[in-house]
Amino acid sequence: MALPACAARALGPPLQPERGAPARTTCPRRHSRVEAELAASRPGSVAASVRAGPPRGVSRGFNSQPLLDEPLKASSSLAGAARTSLFALLPRGRRRRMHDLRRRWDLGSLCRALLTRGLAALGHSLKHVLGAIFSKIFGPLASVGNMDEKSNKLLLALVMLFLFAVIVLQYVCPGTECQLLRLQAFSSPMPDPYRSEDESSARFVPRYNFSRGDLLRKVDFDIKGDDLIVFLHIQKTGGTTFGRHLVRNIQLEQPCECRVGQKKCTCHRPGKRETWLFSRFSTGWSCGLHADWTELTSCVPAVVDGKRDARLRPSRNFHYITILRDPVSRYLSEWRHVQRGATWKASLHVCDGRPPTSEELPSCYTGDDWSGCPLKEFMDCPYNLANNRQVRMLSDLTLVGCYNLSVMPEKQRNKVLLESAKSNLKHMAFFGLTEFQRKTQYLFEKTFNMNFISPFTQYNTTRASSVEINEEIQKRIEGLNFLDMELYSYAKDLFLQRYQFMRQKEHQEARQKRQEQRKFLKGRFLQTHFQSQGQSQNPSQNPNLNANHNVTQNLIQNLTQNSSRNSSQKENRESQKQNPGQEQSDGNTSNGTNDYIGSVEKWR
């Protein structure tokens, strides 16, 4: 292959074999390879420059074009032609390896150059930003532009330390749940998870006086026995969400079996084929669609034990639970639901063994449903069951003649219904409020000693909240639901008092447990101390040691057995604070920690 004239002049005179070297072989390919190697070994030749790579500061791209060296651009075509001719003389495998090495070297050089320039630009920007900050804070006395080399190094070290700390935190705490990444943990204390969901004050002024028995709701629910939880589901109170929590979000030895595509779940007792929950998602609407208190109390025992003889029926405990909601929000939500075509025609409204007649309970619409009705028409119907629905569904309708309005005057009827609803609500095993989801979860867990898997979520934005009404319409809705307004005020007061009572009781139990643990550890420490001293001393040298050791043992036993006497000791301490003159006489008869420490001092 003939070389160009410029390449021939660059390579010099033709290569001559050395003296004693073998003659030229007949293989032209091998001879070309030898000539290329000899040419590459000559210093200053084009081949040597190609093999040595580009000089320092020059980065060659993938197409073998110089990027940074400006003087080489003028002779790029000449050098490129020579390099191409010499590169073609090499074997194919060696050419491929050289091409891969050159491409890797070019990519690494390019990355290093970009990284160097990026870091330099970042440092320059940080320097100007910090300079502006320091100039704003300290004025002309601390200008970064006039900082010496030592200050620049210190600033760079601080920036690198900060970046290193960020990287370490990302490795240690990759998620957002890490406490170190929560800035609120440094600025403010952790908020109470059971704070009022409506952003009101955690403490309130109670309006009603309830006894300790009304506030303390502790149900000994035996899921392995015959006890049954009955859920009274009132329309548009969030009962669907709570019902799903009962069958899908509760920790049980034998969880409910919920299959995909089926609304009902199988909630059997451990080791039995019998349900422990009577609700929409476990047994369905066995007593009718949205059955009320009157229907459930007469229907549930017959449905559960209907096939058994009355004498063979077990003595069950029926624990009724329900959820209430703000009357105005519930009323608007029901109106929106009726607008979409809901009728609840399947509701039986059975009372005193029979459903109401068409004269006792007329219909508010003539067609198949009441879809698309305006709010004014919904409020104008005098037979609308949405009015005071919560009071009607929680009261005993047999006390007022069921749905026959001619049995007693309206004023007396309303009073009887309200008192009956309050009494039934107070004696229920549990009730919650839609506006307080976390407190509802807490009280249910404390009442039934059953824990949920995931916490409840408070949804403050609903379909009812999207309805814009003026003050006049709101007052009219409150007037139509005046019984529900009174019941909700009563229920909210009772609910919050129960919550505060249970929280205080939990704190007191935790405090007593910590005190008992401290007393026990203190007694164990003193016992170990006395035993070590008794082993180090000879009983013949100290005849009173055995007697004191026995006294110590008796005092330790009395100390560990005082857990059941905490209440009496607390009363004694309060009486001692009120009567300081009796401290000495009372101190001689107590068996608490003070006597124990006093005896130890006497023994010493």
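Residues numbered from 1 in each chain as written. Predicted model: local features only at pLDDT ≥ 70, side-chain atom pairs only at ≥ 80, totals over all residues. Heavy atoms only, no water.

Draft legend 1. Up close: the state of the cysteines. Under the defined criterion, the tally for this structure stands at five disulfides. With its sulfur 2.1 Å from that of its partner, Cys256 forms a disulfide with Cys267. Linking Cys256 and Cys267, the disulfide has an S-S dihedral of approximately 115° and is accordingly described as right-handed. Highlighted residues: Cys256 in the loop between helix H9 (239-248) and strand S2 (277-278) and Cys267 in the loop between H9 and S2, separated in sequence by 11 residues. Side by side, Cys256 and Cys267 carry an identical accessibility label, which is buried. (Disulfide = S-S within 2.5 Å. Helix = DSSP H or I, 4+ residues; strand = E, 2+ residues; numbered from the N terminus. Buried < 20%, exposed > 50% of the residue type's maximum accessible area, 1.4 Å probe, protein only.)

Draft legend 2. Layout of the environment of Tyr499. Considering the arrangement of structural elements, one finds Tyr499 in helix H17 (residues 482-536). Each C-alpha atom of the pair Tyr499 and Lys446 lies 9.9 Å from the other, and the pair is 53 residues apart in sequence.

Draft legend 3. Structural detail: the packing of aromatic side chains. Here the structure, examined in full by the defined rule, presents 20 aromatic pairs. Taken together through their ring pairs, the aromatic side chains of Phe221, Phe231, Phe242, Trp276, Phe430, Phe444, Phe448, Phe452 and Phe456 make up a single cluster. We note Lys439 situated over the ring of Tyr499; from NZ or CZ to the ring centre the distance is 5.0 Å. (Phe/Tyr/Trp six-rings, centres within 6.5 Å; stacked < 30°, edge-to-face > 60°. Lys NZ or Arg CZ within 6 Å of the ring centre and 35° of its normal.)

Draft legend 4. Highlighting the confidence of the model for the protein. Overall, the predicted model of the protein reaches an average pLDDT of 75, with 62% of residues at or above 70. The spread of mean pLDDT over the elements of the protein runs between helix H20 (residues 583-587), the lowest at 41, and helix H13 (residues 389-394), the highest at 98. Within the model, the stretch residues 44-53 combines pLDDT values under 50 with 14 contacts to residues more than four positions away or in other chains. (pLDDT = per-residue confidence, 0-100. Contact = heavy atoms within 4.5 Å.)

Draft legend 5. Structural detail: the sheet that holds S2. The strand order across the open sheet built from four strands is S2-S1-S3-S4, with neighbouring strands paired in parallel fashion. Only two strands of the sheet have a single partner each, and these edge strands are S2 and strand S4 (430-433). Alignment of strand S3 (residues 318-324) against S4, held across four bridges, turns out to be parallel. When the sheet's bridge partners are listed, Leu324 is paired in S4 with Leu433. Those strands touched by helix H10 (residues 293-304) are strand S1 (228-232), S2 and S3, and its axis lies near 145° from that of S1. Packed onto the sheet, helix H15 (residues 437-448) meets S1, S3 and S4 and runs at close to 170° relative to S4. (Pairing = 2+ DSSP bridges. Axes fitted to C-alpha atoms, helices over the stretch in contact; angles between N-to-C directions.)

Draft legend 6. Structural detail: the pattern of salt bridges. Going through the model one piece at a time under the given rule, you end up with 13 salt bridges. In this structure, the salt-bridge partner of Asp305 is Arg316, at a minimum N-O distance of 3.0 Å. Here Arg316 lies in the loop between H10 and S3 and Asp305 lies in the loop between H10 and S3, a separation of 11 residues in the sequence. Taking relative accessible area as the criterion, Asp305 reaches 3% and is therefore assigned buried. Look at Arg316 and you get buried, because its relative accessible area is 10%. Where Glu506 meets Lys446, a salt bridge forms, and the shortest distance between an N and an O atom there is 3.7 Å. Separated by 60 residues along the polypeptide, Glu506 in helix H17 and Lys446 in helix H15 bring together distant segments of the chain. Each member of the salt-bridge network shares a partner with another, and the members are Glu274, Asp305 and Arg316. (Salt bridge = Lys/Arg side-chain N within 4 Å of Asp/Glu carboxyl O.)

Draft legend 7. Main features of the side chain of Asn481. Locating Asn481 in the fold gives a position in the loop between helix H16 (471-480) and H17. Every residue in contact with Asn481, bar those within four places of it in the chain, is listed here: Pro327, Tyr331, Ala386, Asn387 and Asn388.

Draft legend 8. Structural context of a nonpolar patch on the surface. A contiguous nonpolar surface patch, about 480 Å² in accessible area, is contributed by Leu156, Met160, Phe162, Leu163 and Val166. For Met160, a relative accessible area of 49% translates into the label partly exposed. (Patch = residues over 30% accessible without salt bridge, like charges linked within 9 Å, V, L, I, M, F, W, Y side chains within 5 Å. Areas by Shrake-Rupley, 256 points an atom, 1.4 Å probe, with all protein chains shown as cover.)

Draft legend 9. Molecular detail of the packing of helix H11 (residues 327-339) against H16. Relative to each other, H11 and H16 sit at 95°, their axes nearing to 10 Å. The orientation of H11 relative to H16 falls into the category roughly perpendicular. Together, Val328, Tyr331 and Leu332 of H11 and Gln474, Ile477, Glu478 and Leu480 of H16 make up the contact between the two elements. Per-class residue counts for the contact of H11 with H16 are five nonpolar, one polar and one charged. (Parallel < 35°, antiparallel > 145°, perpendicular 65-115°, else oblique. Nonpolar A, V, L, I, M, F, W, Y, C, P; charged D, E, K, R; others polar.)

Draft legend 10. Molecular detail of the environment of Lys446. Residue classification places Lys446 among the partly exposed positions, given a relative accessible area of 27%. Distance in space between the C-alpha atoms of Lys446 and Met502 is 7.9 Å, their sequence separation being 56 residues. Here Lys446 is in contact with Arg217, Lys218, Met502 and Glu506, once residues within four sequence places are set aside.

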